[in-house]
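Chains, contacts and geometry: an overview
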Amino acid sequence: MLNSILWSVVILFPVSEIALAIFKRSDAAAAQAEDRGSLRFLWLMIGLGVTLAVASMWVSMPELRFRSGWSSLAALVLLLLGLAVRWSAIVTLGRHFTVDVAIHRDHKLVECGLYRFVRHPSYTGLLLAFLGLGLTYGNWLSLTVLMAPIAAAVFYRIAQEERALHAALGTAYSAYCLRTRRLIPGVY
């Protein structure tokens, strides 16, 4: 039962990301594109990470197994938590959320919901979900080769977003940056 739920969520994760990619692009007439290739880079690194993780499943490495199926439960919890955090952030931003970095003409700083605690909760959720996915592969190498390129792409993307938000929102965004961390409250 647990494995059925886990694999259902594993399938839901990329389906939800593809839906976002299709339906949540910025409107060129209403927003200024600031992406600088970060969306393409993110998708490329996700593809690379998943491909390397799957290929690494057959490499003889220490397994990521906990007692009595705890690895499946941990993977499921991380996937669900990651998706919940990501979608909560997306819903909070509403129409201002786009998969490509863009600044809307009426762009405002959002400081409610998870944005009270971190500047990029959507990416926090994305990384948590990928961490959960990485646990499903079953070994340390798969987890590492999945997370490393994706984390690099997320950090690049955060830099692009923050550059655009500083330019658009000025001192309000700078003050917000002093009050919040990027991904993990009180840590980073």
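Model, not experiment: these values are computed from the prediction.

What counts and how
Residues numbered from 1 in each chain as written. Predicted model: local features only at pLDDT ≥ 70, side-chain atom pairs only at ≥ 80, totals over all residues. Heavy atoms only, no water. Disulfide = S-S within 2.5 Å. Buried < 20%, exposed > 50% of the residue type's maximum accessible area, 1.4 Å probe, protein only. Helix = DSSP H or I, 4+ residues; strand = E, 2+ residues; numbered from the N terminus. Contact = heavy atoms within 4.5 Å. pLDDT = per-residue confidence, 0-100. Axes fitted to C-alpha atoms, helices over the stretch in contact; angles between N-to-C directions. Parallel < 35°, antiparallel > 145°, perpendicular 65-115°, else oblique. Left-handed = near helix turned anticlockwise from the far one by under 90°. Salt bridge = Lys/Arg side-chain N within 4 Å of Asp/Glu carboxyl O. Phe/Tyr/Trp six-rings, centres within 6.5 Å; stacked < 30°, edge-to-face > 60°.

**Quick notes on the state of the cysteines**
For the structure on display, the rule yields 0 disulfides. Of all cysteine sulfurs, the one in C177 lies closest to C112, which takes part in no disulfide; the gap is 16 Å. Judged by its relative accessible area of 45%, C112 falls in the partly exposed class.

**Some remarks on the side chain of D100**
With respect to the element layout, D100 can be found in the loop between helix 3 (70-93) and strand 2 (102-104). In contact with D100, other than residues within four places in its own chain, are K24, R25, S26, D35, L39 and R157.

**What about the confidence of the model for the chain?**
If pLDDT is low for a region, its predicted coordinates should not be looked at in detail. Taken as a whole, the chain shows an average pLDDT of 91; of its residues, 95% reach a score of 70 or greater. Of all secondary-structure elements in the chain, the lowest mean pLDDT belongs to strand 1 (residues 31-33), at 73, while helix 6 (residues 171-179) reaches the highest, 97.

**Quick notes on the packing of helix 1 (residues 2-23) against helix 4 (residues 121-137)**
As a packed pair, helix 1 and helix 4 sit with axes 11 Å apart at the nearest point and diverge in direction by 140°. Relative to helix 4, the element helix 1 is oriented oblique. Both helix 1 and helix 4 take part in a crossing whose hand is left-handed. Every residue of helix 4 that contacts helix 1 at L6, W7, V10, F13 and E17 is listed here: L126, A129, F130, L133 and T136.

**With respect to the pattern of salt bridges**
Summed over all chains, the structure comprises 7 salt bridges. The partner of E111 in a salt bridge is R179, with the nearest N and O atoms 2.3 Å apart. Linking E111 in the loop between strand 2 and helix 4 with R179 in helix 6, this pair joins segments that are 68 residues apart in sequence. In this structure, E162 engages R119 in a salt bridge whose closest nitrogen and oxygen atoms are separated by 2.7 Å. Placement of E162 in helix 5 (residues 140-169) and of R119 in the loop between strand 2 and helix 4 is noted, with a sequence separation of 43 residues between them. There is no split in this pair, since E162 and R119 are both buried. Residues joined in a network through salt bridges with shared partners are R119, E162 and R182.

**Brief notes about the environment of V59**
By the secondary structure assignment, V59 is in the loop between helix 2 (38-56) and helix 3. For the pair V59 and N139, spaced 80 residues apart in the sequence, the C-alpha separation amounts to 8.7 Å.

**Some details on the packing of aromatic side chains**
Taken as a whole and judged by the stated rule, the model has 4 aromatic pairs. Measuring from centroid to centroid gives 4.8 Å for F13 and F130, while their planes differ by 65°, and the two rings are edge-to-face. Of this pair, F13 sits in helix 1 while F130 sits in helix 4, and the two are 117 residues apart along the sequence. The exposure class assigned to F130 is buried, which follows from its relative accessible area of 4%. Where Y173 meets Y176, the ring centres are 5.8 Å apart and the plane angle is 50°; that geometry is what we call tilted. With Y173 and Y176 both in helix 6 and 3 residues apart, the pair spans about one turn of that helix.

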